[in-house]
Amino acid sequence: KTKENINFKKVYETIDRYEESTWMSNSSPFMETEYTGVFHDRYPAVPGHTLFVPKKNIAEYIGKSYQLAYEFGNKKIKDGEITGFNVGMNIGLSAGQTIMWPHIHFIPRHDNDSPTKIGGIRHAHPGADHTKHY
């Protein structure tokens, strides 16, 4: 199929395959492997916010996508572009997922970019108790 013949899905629509994903309708991956397409986030939380999108919705492809995000981040640290990174997924509406295909958010971090570095990903849940253990 050509790009013109694909029924790309919109926010909250179920996506059945990578080729019909919202990212593919917006752009093309800037990096790609057999398992993963890598896209610049269209609405980045911070500069460098990147999405690692598995080409199949199965654990092997999701795992390979996480591996690629991890290697990507470590290279950026080694090259001095960032000092840390967060990676994570939103699975399900209750977790904030809006594009209904698995995808990994890569968030670059820099020294002093946040008032606190304590807890990291634990702060993803707005109702979490951030004072009990820290």
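Chains are numbered independently. Their residues run from 1 in the order of the written sequence. Only residues with pLDDT of 70 or above have their local features reported here, since the model is predicted, and side-chain atom pairs are shown and tallied only from 80 upward, although totals for entire chains, interfaces and linings are computed over all residues. Excluded from the side-chain calculations are hydrogens and water; all other atoms, namely the structure's heavy atoms, are used.

Participant: Residue-level account of helix α2 (residues 59-78), with values.
Facilitator: Between the first and last C-alpha of α2 there are 28 Å, a value that for 20 residues agrees with the 28 Å anticipated at 1.5 Å per step. Buried within α2 are the following residues: Tyr61, Ile62, Ser65, Leu68, Ala69, Phe72 and Gly73. What you see down the axis of α2 is that its buried residues fit within an arc of 130°, all on one side. Opposite the packed face of α2, turned more than 90 degrees from it, sit the exposed residues Ala59, Tyr70 and Lys78. Contact criterion: two residues are considered in contact whenever any of their non-hydrogen atoms come within 4.5 Å of each other. Counting from the N terminus, the helices are DSSP H or I runs at least four residues long and the strands are E runs at least two residues long. Of the surrounding secondary structure, the elements contacted by the buried residues of α2 are β1 (31-32), β2 (36-40), β3 (50-54), β4 (84-88) and β5 (104-109). Just downstream of α2, Gly80 is the residue with a positive phi angle, here 80°. Multiplying 1.5 Å by the residue count of a helix minus one yields the expected span of that helix. Accessible area is worked out with a 1.4 Å probe on protein chains only. A residue is then buried under 20% of its type maximum, exposed over 50%, and partly exposed in between. The directions from the helix axis to the C-beta atoms are what the arc is built from.

Participant: Residues and numbers for the environment of Thr33, please.
Facilitator: Within the secondary structure layout, Thr33 lies in the loop between β1 and β2. Judged by relative accessible area, which is 30%, Thr33 ranks as partly exposed. Thr33 has contacts with Lys55 and Leu68, leaving out every residue within four places of it along the chain.

Participant: Just give me the short version of the packing of aromatic side chains, but keep the residues and values in it.
Facilitator: Each aromatic ring pair is described using two quantities: the centre-to-centre distance and the angle formed by the ring planes. Only Phe, Tyr and Trp rings are paired, with Trp represented by its six-membered ring, and only when their centres lie within 6.5 Å; those with planes under 30 degrees apart are stacked, over 60 edge-to-face, the remainder tilted. According to the stated counting rule, one finds seven aromatic pairs in the structure shown. Judged by centre distance (6.3 Å) and plane angle (65°), the rings of Phe52 and Phe106 are edge-to-face. With Phe52 in strand β3 and Phe106 in strand β5, this residue pair connects regions lying 54 residues apart in the sequence. Judged by its relative accessible area of 0%, Phe106 is buried. Here the aromatic rings of Tyr70 and Phe85 are separated by 6.5 Å at their centres, their planes lie at 70°, and the arrangement is edge-to-face. Here the residue Tyr70 occupies a position in helix α2, and Phe85 occupies one in strand β4, the gap between them amounting to 15 residues.

Participant: Give me the sheet that holds β1: which residues, what numbers.
Facilitator: Note on pairing: two strands pair once DSSP finds at least 2 bridges between them. The five strands are arranged β1-β2-β3-β5-β4 in an open sheet whose pairing can be described as antiparallel. Taken across any chain shown, the strands that pair with only one partner, and hence form the sheet edges, are β1 and β4. One ladder, built from three bridges, connects β3 with β5; its direction is antiparallel. Within β5, the position partnered with Leu51 by the bridge is His105.

Participant: I'd like a rundown of the pattern of salt bridges, residues and numbers included.
Facilitator: Oppositely charged side chains are able to pair whenever their charged atoms sit close together. Each reported salt bridge corresponds to a side-chain nitrogen of Lys or Arg within 4 Å of a carboxyl oxygen of Asp or Glu. Going through the model one piece at a time under the given rule, you end up with six salt bridges. The shortest N-O distance in the salt bridge between Lys9 and Glu20 comes to 3.6 Å. Here the residue Lys9 occupies a position in the segment before α1 (22-26), and Glu20 occupies one in the segment before α1, the gap between them amounting to 11 residues. In terms of burial, Lys9 and Glu20 fall into one category: buried.

Participant: An account of unusual backbone geometry is needed here, citing residue identities and associated values.
Facilitator: A positive phi angle, close to 75°, is found at Tyr12, a residue other than glycine. The topology assignment puts Tyr12 in the segment before α1. Tyr12 gets classed as exposed once you look at its relative accessible area, which sits at 52%.

Participant: Which residues make up the side chain of His105, and what values do they have?
Facilitator: Relative to the assigned elements, His105 resides in strand β5. With a relative accessible area of 17%, His105 lands in the buried category. Whenever two N or O atoms come within 3.5 Å, that pair is a polar contact, provided that in protein one can donate a hydrogen and the other can accept it, and provided that, for residues adjacent in sequence, both atoms are side-chain atoms. A distance of 3.5 Å separates polar atoms of two side chains, one belonging to His105 and the other to His103. Not counting residues within four places of it along the chain, the set of residues in contact with His105 comprises Asp41, His49, Thr50, Leu51, Asn86, Val87, Gly88 and Asn90.

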